[in-house]
Amino acid sequence: MTSIAMGGVSKYFDAGETVANYRLTLEVVDGEFLVFLGPSGCGKTTALRLIAGLEQPSEGAIYFDNERVDGRSPSSRNVAMVFQNYALYPHMTVAENIGYPLRVRGVPPDERDRKVEAVTTLLHIEDQVEKKPAALSGGQRQRVALARAIIREPSVFLLDEPLSNLDAKLRQEMRIELKRLQNELDITTVYVTHNQEEAMSMADRVVVMNQGTIQQVAPPQELYERPRTAWVARFIGSPPMNLFEGTRQNGSIDFGEAGAVELDSVVRAGETDDPVDTTPPEDGTTASVVTSDVQGEVALGVRPEDLTITTSRPTTGNVIEGRVDTVEPLGEYVLVNVTVNDQLVNAKLADGTVSRDERVYLTFDNDDAYLYDENGELVG
Ligand code: ATP
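What you see is a predicted model; the values in this text were computed from it and never measured.

Here is what the cut-offs are and how they apply
Residues numbered from 1 in each chain as written. Predicted model: local features only at pLDDT ≥ 70, side-chain atom pairs only at ≥ 80, totals over all residues. Heavy atoms only, no water. Helix = DSSP H or I, 4+ residues; strand = E, 2+ residues; numbered from the N terminus. Buried < 20%, exposed > 50% of the residue type's maximum accessible area, 1.4 Å probe, protein only. Contact = heavy atoms within 4.5 Å. 1 Å grid on protein atoms, 1.4 Å probe; cavity = no way out; pocket = protein on both sides within 12 Å on 5 of 7 lines; lining within 4 Å. Points joined across faces, edges and corners; volume = space filled by probe spheres on them. Nonpolar A, V, L, I, M, F, W, Y, C, P; charged D, E, K, R; others polar. Near = heavy atom within 4 Å. Polar contact = N/O pair within 3.5 Å; in protein donor to acceptor, adjacent residues only side chain to side chain. Core = buried A, V, L, I, M, F, W, Y, C linked by side-chain atoms within 4.5 Å. Pairing = 2+ DSSP bridges. Axes fitted to C-alpha atoms, helices over the stretch in contact; angles between N-to-C directions. Domains from an automatic or database assignment. Expected span 1.5 Å × (residues − 1). Phe/Tyr/Trp six-rings, centres within 6.5 Å; stacked < 30°, edge-to-face > 60°. Lys NZ or Arg CZ within 6 Å of the ring centre and 35° of its normal.

### Examining the environment of lysine 132
Here comes step 1: Along the polypeptide, lysine 132 turns up in the loop between helix H3 (109-122) and helix H4 (138-150).
Here comes step 2: Judged by relative accessible area, lysine 132 falls into the partly exposed class, the value being 38%.
Here comes step 3: Spatially, the C-alpha atoms of lysine 132 and glutamate 173 are 23 Å apart, while their sequence positions differ by 41 residues.
Here comes step 4: Each residue touching lysine 132, except ones within four places of it in the same chain, is listed here: Pro90, His91, Met92 and Thr93.

### Some points on empty space enclosed by the protein
Here comes step 1: As enumerated under the stated definition, the model contains 1 cavity of 30 Å³ or more in all.
Here comes step 2: Each pocket or cavity is described by its volume, and for the largest cavity that value is around 60 Å³.
Here comes step 3: As for the largest cavity, its lining consists of Phe33, Leu146, Ile150, Phe157, Leu159, Leu178, Leu181, Gln182, Leu185 and Thr189.
Here comes step 4: When grouped by side-chain class, the residues that make up the lining of the largest cavity number 8 nonpolar, 2 polar and no charged.

### What to know about the site of the ligand
Here comes step 1: Around the ligand lies a shell formed by Phe13, Asp14, Thr18, Ala20, Pro39, Ser40, Gly41, Cys42, Gly43, Lys44, Thr45 and Thr46.
Here comes step 2: Interatomic distance of 2.6 Å between a side-chain N/O atom of serine 40 and an oxygen atom of the ligand.
Here comes step 3: The side chain of lysine 44 places a nitrogen or oxygen atom 2.9 Å from an oxygen atom of the ligand.
Here comes step 4: When residues of the shell around the ligand are assigned to their parent elements, the largest contribution, 3 residues, is made by helix H1 (residues 44-52).
Here comes step 5: When its residues are assigned to classes, the shell around the ligand shows 4 nonpolar, 6 polar and 2 charged.

### Overview of the nonpolar core
Here comes step 1: Core analysis: the biggest nonpolar cluster contains 44 residues, and Ile98, Leu123 and Tyr191 have the highest contact counts within it.
Here comes step 2: Per element, the largest residue contribution to this core is 6 residues, and it comes from H4.
Here comes step 3: If we ignore the near neighbours within four places in the chain, the residues touching leucine 123 are Arg143, Leu146, Ala147, Ile150, Glu177 and Leu181.

### Overview of the sheet that holds strand E9 (residues 205-210)
Here comes step 1: Overall, mixed pairing links the 6 strands, which are arranged E6-E7-E8-E3-E9-E10 in an open sheet. Unpaired on one side and paired on the other, strand E6 (79-82) and strand E10 (213-218) mark the two borders of the sheet. Direction aside, the axes of adjacent strands within the sheet are offset by 15° on average.
Here comes step 2: Note that E6 and strand E7 (residues 156-160) share 4 bridges and pair parallel. Within the sheet, the bridge partner assigned to valine 79 lies in E7 and is valine 156.
Here comes step 3: Relative to the sheet, helix H5 (residues 168-185) contacts strand E3 (33-37), E7 and strand E8 (188-193), its axis offset from that of E3 by approximately 140°.

### A word on the domain arrangement of the protein
Here comes step 1: In terms of domains, the protein is made up of domain 1 (4-218) and domain 2 (241-372).
Here comes step 2: Just the C-alpha atoms count here: the centres of domain 1 and domain 2 sit 38 Å apart.

### Digging into H5
Here comes step 1: Counted at 1.5 Å a residue, the expected span for H5 with its 18 residues is 26 Å, and the 25 Å between its end C-alpha atoms agrees.
Here comes step 2: For H5, every residue scored as buried is listed here: Met174, Arg175, Glu177, Leu178, Lys179, Leu181 and Gln182.
Here comes step 3: Buried residues belonging to H5 abut E3, H3, H4, E7, E8 and helix H6 (196-202).
Here comes step 4: Aspartate 186 sits one or two residues past H5 and shows a positive phi near 60°.

### Section: the packing of aromatic side chains
Here comes step 1: One pass over the structure, following the stated rule, counts 4 aromatic pairs.
Here comes step 2: Their ring planes at 70° and their centres at 6.2 Å tell us that phenylalanine 244 and phenylalanine 255 sit as a pair that is edge-to-face. Within this pair, whereas phenylalanine 244 is found in strand E11 (residues 242-249), its partner phenylalanine 255 is found in the loop between strand E12 (252-254) and strand E13 (260-262), the two being separated by 11 residues in sequence.
Here comes step 3: By relative accessible area, phenylalanine 244 is classed as buried at 1%.
Here comes step 4: Above the ring of tyrosine 224, the side-chain terminus of arginine 303 is found at 4.1 Å from the ring centroid.

### As for the sheet that holds strand E2 (residues 18-28)
Here comes step 1: Sheet architecture is open: 4 strands sit in the order E2-E1-E4-E5, paired in antiparallel fashion. Pairing within the sheet leaves two strands with one partner each, and these edge strands are E2 and strand E5 (67-68).
Here comes step 2: Examined bridge by bridge, strand E1 (residues 4-13) and E2 share 7 bridges and lie antiparallel to one another. Looking across to E2, one finds that phenylalanine 13 is bridged to threonine 18.

Structure, rendered in structure tokens:
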């Protein structure tokens, strides 16, 4: 069992021109399944390679179990990495591929065979052991790559987009399998993906990254319920949260021609976090929001599933006016795109009784609204 800590870790390339990671401070607890999530190029892979020892930090320190490891070789860290492309040896059978790390270590053939059998059974590929990788499906190859990582009995698993070559159905199956395996083996795991569903379904905690920096570290549910920045709010959810851009004026938020809502009615007591504190939040640490500090440009956030649409103007509550742009019947729900001022927002409805170009009124409960200040920080 191993815990990992990163303290102010930055990684620059091209003589400082490219900032891949900037001041990452983070702790991965023993046995945790931690997922780095973010758009392409945000620095997820670099962070993983730094933990593996395949890259060395430009600044900062990395610890395994409180022992400093930056500067040390990957082999001294006892990590196993699984990549998107599996990297199997084509001329070896499945059994030989999986047993290879043990062969390199000089483990005797008998013991090797026993361990290969155990791990192939664990991954349900015991019938495939005589095949070469070319004769396997994508999902089977992925299992072989995982088996080859598991057989080494590493202290840490590092997985870089391991499911992205699989089709949607197989990806979902492997997600469940990976989660089961990680629970069973109880090995500290760091997983990189740009796929939100993957991150949310498997992670104990998600590290949301943007442009080399950490935006938020939180368990999936908390990330959804309390995105700390407007950037995270726009990133999490499918479709993500709507952010109505308005101006705070005399105790209300003004949305121009789309209307206005009372500021006090939408601002709730929220929790506050130290922006640089990335440790898991302790339960019950709440603080009231000082709403008087919210000035000027603000964004009011409401998730598509929390918006209601009416065609006649409601007489009470929070009302924002718009015009229907498109109606997409998606089976499970109807996605209605509404133009509010020059912004396009989404509403998820049980049925689509509105039509294109119709004038509509969006309403929402106070409890479902979020307020972000002009710096994009959650204030209520
Ligand atoms: P993706 O999801 O597309 O793989 P990522 O979030 O994993 O992206 P990284 O691969 O970590 O992002 O890259 C972060 C930034 O660092 C990018 O701008 C990338 O071009 C740059 N970068 C990464 N490795 C190197 C390198 N060896 N030399 C120069 N620049 C690099």
